[in-house]
Amino acid sequence: MEQTVNNPAQASSAYNFAYLDEQTKRMIRRALLKAVAIPGYQVPFAGREMPMPYGWGTGGVQVTAAVIGPDDTLKVIDQGADDTTNAVSIRQFFAKTANVATTEKTAKASIIQTRHRIPEKELREDQILVYQVPIPEPLRFLEPRETETRKMHALEEYGLMHVKLYEDISRHGHIATTYAYPVMVNDRYVMDPSPTPKFDNPKMDMMAALQLFGAGREKRIYALPPYTKVKSLDFEDHPFEVQSWKDECGMCGATDSYLDEVILDDKGNRMFVCSDTDYCSERQDAGHRGPQHHDQPLGTSHSNGKAAE
Amino acid sequence: MTRSNEPLLRVSDLTMMYGDRVGCRNVSFELRPGEVLGIVGESGSGKSTLLRSISAQQEPTKGTVEYHTRIDGIRDVYQMSEAQRRLLMRTDWAFVHQNARDGLRMNVSAGANIGERLMAVGDRHYGNIRNAAENWLGKVEIATERLDDLPSTFSGGMQQRLQIARNLVTSPRLVFMDEPTGGLDVSVQARLLDLLRGLVHDLNLAVIIVTHDLAVARLLSHRLMVMQRGEVIESGLTDQVLDDPQHAYTQLLVSSILQN
Ligand SMILES: Nc1ncnc2c1ncn2[C@@H]1O[C@H](COP(=O)(O)OP(=O)(O)O)[C@@H](O)[C@H]1O
Ligand SMILES: [Mg+2]
Ligand SMILES: [Zn+2]
């Protein structure tokens, strides 16, 4: 654990480049190639134990370990933020085991590993987005038998997905699923983007970047090659909709980003702020201001949150 | 009632072995549209085995099952691709299990249970699916206010009726039932049989119903097959078989019913 290595050839220390041995990485890459060849199809892989608990995204970590090279720049986000314990430790893990550069800037990253959000900034062809997935099987909730769900995928029997959405509407009056909202990939496979919020589903559609999904506990890998059609399932009379907020971001005034509610004090004051911290700070750096930005007195509410620029 | 002469189903020389043990042996018959066939016999005589083999749930050791499909005409059901077979099973066929829990999704509402087959064949209009479900709930005499309730809150008789509605929503032509009234109270049984009889008649359904209860068989079926040790030992029109049984075993069956 004392020495960092950035080259497989030098891998004589406690761990290999990016922790996994070369044979394991080759195995994962083969699974990835298959996944890319069949968009949305869940490819089983011989997942390895990683030096962290499953809940920490071992599937995503293994995928990142298999695709990362010494020249890559890694960004890790959890709920859109770069500074949570989970994101920080995964970033440190690769900084240490692969000696790669890390960044919090979406635009500077060549690989972005995420547990939850897709960055607000549009991704490019030279970037890879790696998702940490807890439950890869979208049919699981109604059909617990693995043999049966495999058959349903093979035969494109996806009626059950709509049973789930039907149930949502009959209970709540609308499709209440907000996370892990099922999508149809390339008109063929139904895929679970879990636990990404449905707000981000439209970003998956025709994305320029390669999207890779790794489920550690369930040992599955799936992928969306660049520019793949991704359609959220819905009903004709209950079309798919993304979440929207009445408020704007309290810090940067954004009205187009995914907002988290933040409790400000014990008097019940709260504000909404971009969950994508990089997006928010970049906007603030560019001079955008929301109603609760610190260079304005707290509590003054602006009908139009944009401060004079 | 229309009953064309073209058979809907043709079973030829069907045999199902469990290792050395006979499940059923050398069974052949034809079923016409709208015809109700009862399979009777004591426990262990091979009724369920035969039904499973006919209904594509258990491939027989020997023999064929041919079905007159809507699109492709007569097809051997075990020669179809799995996708075709599964589509047939959830559109043109229906299955009513003895235990409603085997035929229902207990963790979704009555409406979702009925709507499932519609969604499986591509219906994507929530309002239409819901209307169809509501309509079917009414047809099986369940209050439409129960549309959003879970089946687990239903009585045994209601669950059985829900199972029927869930199956009939795609207008199947052939229904398989294995002891559909088993385990229900006598009064609940009577109501269910009444409902089934009405539906079978109104929808011109062909039915193969397995039962050990000759009263049920008499009430529903046009024709009967009597099974003993895996073989069909007597068959014919229901009244004929029950009123004038030829085989000694059938005579015994009928007389034991009369004694009860
Ligand atoms: N899955 C099975 N494996 C082995 N033997 C079976 C199986 N199912 C049924 N049998 C045997 O086949 C015979 C017919 O059983 P079954 O079809 O269940 O009769 P029934 O429905 O008339 O009670 C019995 O001897 C039974 O023990
Ligand atoms: Mg039986
Ligand atoms: Zn912001």
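These remarks concern the structure in this document. Model, not experiment: these values are computed from the prediction.

## What about the overall build of chain B?
For step 1, the next point in the chain: Across its full length, chain B carries 10 helices and 10 strands.
For step 2, the next point in the chain: Its C-alpha atoms give chain B a radius of gyration of 18 Å, near enough to 18 Å, the size a compact globule of 260 residues would have.
For step 3, the next point in the chain: Projected onto the principal axes, the alpha-carbon positions of chain B cover approximately 55 × 45 × 40 Å.
For step 4, the next point in the chain: Classification of the 260 residues of chain B by burial places 53% in the buried group.
For step 5, the next point in the chain: Across chain B, the 28 positively charged side chains and the 31 negatively charged ones have centroids separated by 4 Å.

## Examining the site of ligand 1
Residue and element names in this part refer to chain B.
For step 1, the next point in the chain: Around ligand 1, a shell composed of 13 residues is seen, among which R21, G44, K47, S48 and T49 lie nearest.
For step 2, the next point in the chain: One of the side-chain N or O atoms of K47 is found 2.9 Å from an oxygen atom in ligand 1.
For step 3, the next point in the chain: Breaking the shell around ligand 1 down by element, the ones donating at least two residues are β2 (21-31) and α1 (47-54).
For step 4, the next point in the chain: Residue contributions to the shell around ligand 1 peak at four residues, all from α1.
For step 5, the next point in the chain: Considering only residue class, the shell around ligand 1 consists of two nonpolar, seven polar and four charged.

## Looking at the packing of helix α4 (residues 110-120) of chain B against helix α5 (residues 126-139) of chain B
All names here are of chain B.
For step 1, the next point in the chain: Following both chains from N to C, one finds α4 and α5 inclined at 120°, their axes separated by 9 Å at the closest point. In terms of orientation, α4 and α5 fall into the oblique class. Crossing handedness for the pair α4 and α5: right-handed. Along its contact with α4, which presents A110, G111, I114, G115, L118 and M119, the element α5 presents I129, A132, A133, W136 and L137.
For step 2, the next point in the chain: Residue composition of the contact of α4 with α5, grouped by class: nine nonpolar, two polar and no charged.

## Quick word on the sheet that holds strand β5 (residues 128-132) of chain A
Residue and element names in this part refer to chain A.
For step 1, the next point in the chain: Strand order across the open sheet formed by seven strands is β1-β9-β8-β5-β4-β2-β3, with mixed pairing between neighbours. Of all strands in the sheet, those with a lone pairing partner are β1 (43-44) and β3 (101-102), marking the two edges.
For step 2, the next point in the chain: Inspection of the sheet shows strand β4 (residues 111-114) paired to β5 by four bridges, in the parallel sense. If you follow T114 over to β5, its bridge partner there is Y131.
For step 3, the next point in the chain: Set on the sheet, helix α2 (residues 58-67) makes contact with β2 (73-77), β4, β5, β8 (210-215) and β9 (220-224); between it and β8 the angle comes to about 130°.

## Here's the deal with the side chain of E143 of chain A
For step 1, the next point in the chain: If you trace the backbone, E143 of chain A turns up in the loop between β5 and α4 (146-154).
For step 2, the next point in the chain: A residue is classified by how much of its surface remains accessible, and E143 of chain A, at 4% relative accessible area, is buried.
For step 3, the next point in the chain: At 2.8 Å, the side chain of E143 of chain A and the side chain of R145 of chain A are in polar contact.
For step 4, the next point in the chain: Ignoring sequence-local partners within four residues, the contact set of E143 of chain A consists of E148, T149, M152 and L160 of chain A together with R105 of chain B.

## What to know about the coordination of the zinc ion (ligand 3)
Residue and element names in this part refer to chain A.
For step 1, the next point in the chain: The coordination sphere of the zinc ion (ligand 3), as far as protein atoms go, consists of C249 (SG), C252 (SG), C274 (SG) and C280 (SG), spread over 2.2 to 2.3 Å.
For step 2, the next point in the chain: For the zinc ion (ligand 3), the four donor atoms in the first shell make angles of 102 to 119° at the metal, a pattern classed as tetrahedral.
For step 3, the next point in the chain: For the zinc ion (ligand 3), the single-chain donor residues occur in sequence as C-x2-C-x21-C-x5-C. One end of the pair, C249, is in the loop between β10 (230-232) and β11 (259-263); the other, C280, is in helix α7 (residues 277-285), with 31 residues separating them in the sequence.
For step 4, the next point in the chain: Among the residues examined, C249 registers a relative accessible area of 0% and is labelled buried.

## Side note on the sheet that holds strand β6 (residues 183-185) of chain A
Residue and element names in this part refer to chain A.
For step 1, the next point in the chain: Judged by pairing direction, the sheet is antiparallel, and its three strands sit side by side in the order β7-β6-β10 without closing on themselves. At either end of the open sheet lies a strand with only one pairing partner, and these are β7 (189-191) and β10. This sheet shows a mean twist of 30° between the axes of neighbouring strands, independent of strand direction.
For step 2, the next point in the chain: Where β6 meets β10, three bridges bridge the pair, whose relative direction is antiparallel. Paired with M184 across the bridge in β10 is K231.

## Regarding the interface of chain B and chain A
For step 1, the next point in the chain: Taken together, the contact between chain B and chain A spans 21 residues of the former and 22 residues of the latter.
For step 2, the next point in the chain: Taking both sides of the interface into account, the surface hidden between chain B and chain A amounts to around 2000 Å²; carbon and sulfur atoms contribute 57%.
For step 3, the next point in the chain: One can count four salt bridges joining chain B with chain A.
For step 4, the next point in the chain: With a shortest N-O distance of 2.8 Å, R86 of chain B and E148 of chain A are connected by a salt bridge.
For step 5, the next point in the chain: Inspection of the chain B/chain A interface yields 12 residue pairs in polar contact (both at pLDDT 80 or more).
For step 6, the next point in the chain: Elements with a contribution of two residues or more to the side of chain B that touches chain A: α2 (82-89), α4 and α5 of chain B.

What counts as what
Residues numbered from 1 in each chain as written. Chains lettered and ligands numbered in written order. Predicted model: local features only at pLDDT ≥ 70, side-chain atom pairs only at ≥ 80, totals over all residues. Heavy atoms only, no water. Helix = DSSP H or I, 4+ residues; strand = E, 2+ residues; numbered from the N terminus. Rg over C-alpha atoms; globule rule 2.2 N^0.38 Å. Buried < 20%, exposed > 50% of the residue type's maximum accessible area, 1.4 Å probe, protein only. Lys, Arg positive; Asp, Glu negative; His and termini not counted. Charge placed at Lys NZ, Arg CZ, Asp CG, Glu CD. Near = heavy atom within 4 Å. Polar contact = N/O pair within 3.5 Å; in protein donor to acceptor, adjacent residues only side chain to side chain. Nonpolar A, V, L, I, M, F, W, Y, C, P; charged D, E, K, R; others polar. Axes fitted to C-alpha atoms, helices over the stretch in contact; angles between N-to-C directions. Parallel < 35°, antiparallel > 145°, perpendicular 65-115°, else oblique. Left-handed = near helix turned anticlockwise from the far one by under 90°. Contact = heavy atoms within 4.5 Å. Pairing = 2+ DSSP bridges. Donors = N, O, S within 2.8 Å, 3.2 Å for Na, K, Ca; no water. Tetrahedral: all angles 85-135°; square planar, octahedral: opposite > 155°, others 65-115°. Buried area = accessible area lost by both parts, 1.4 Å probe. Salt bridge = Lys/Arg side-chain N within 4 Å of Asp/Glu carboxyl O.

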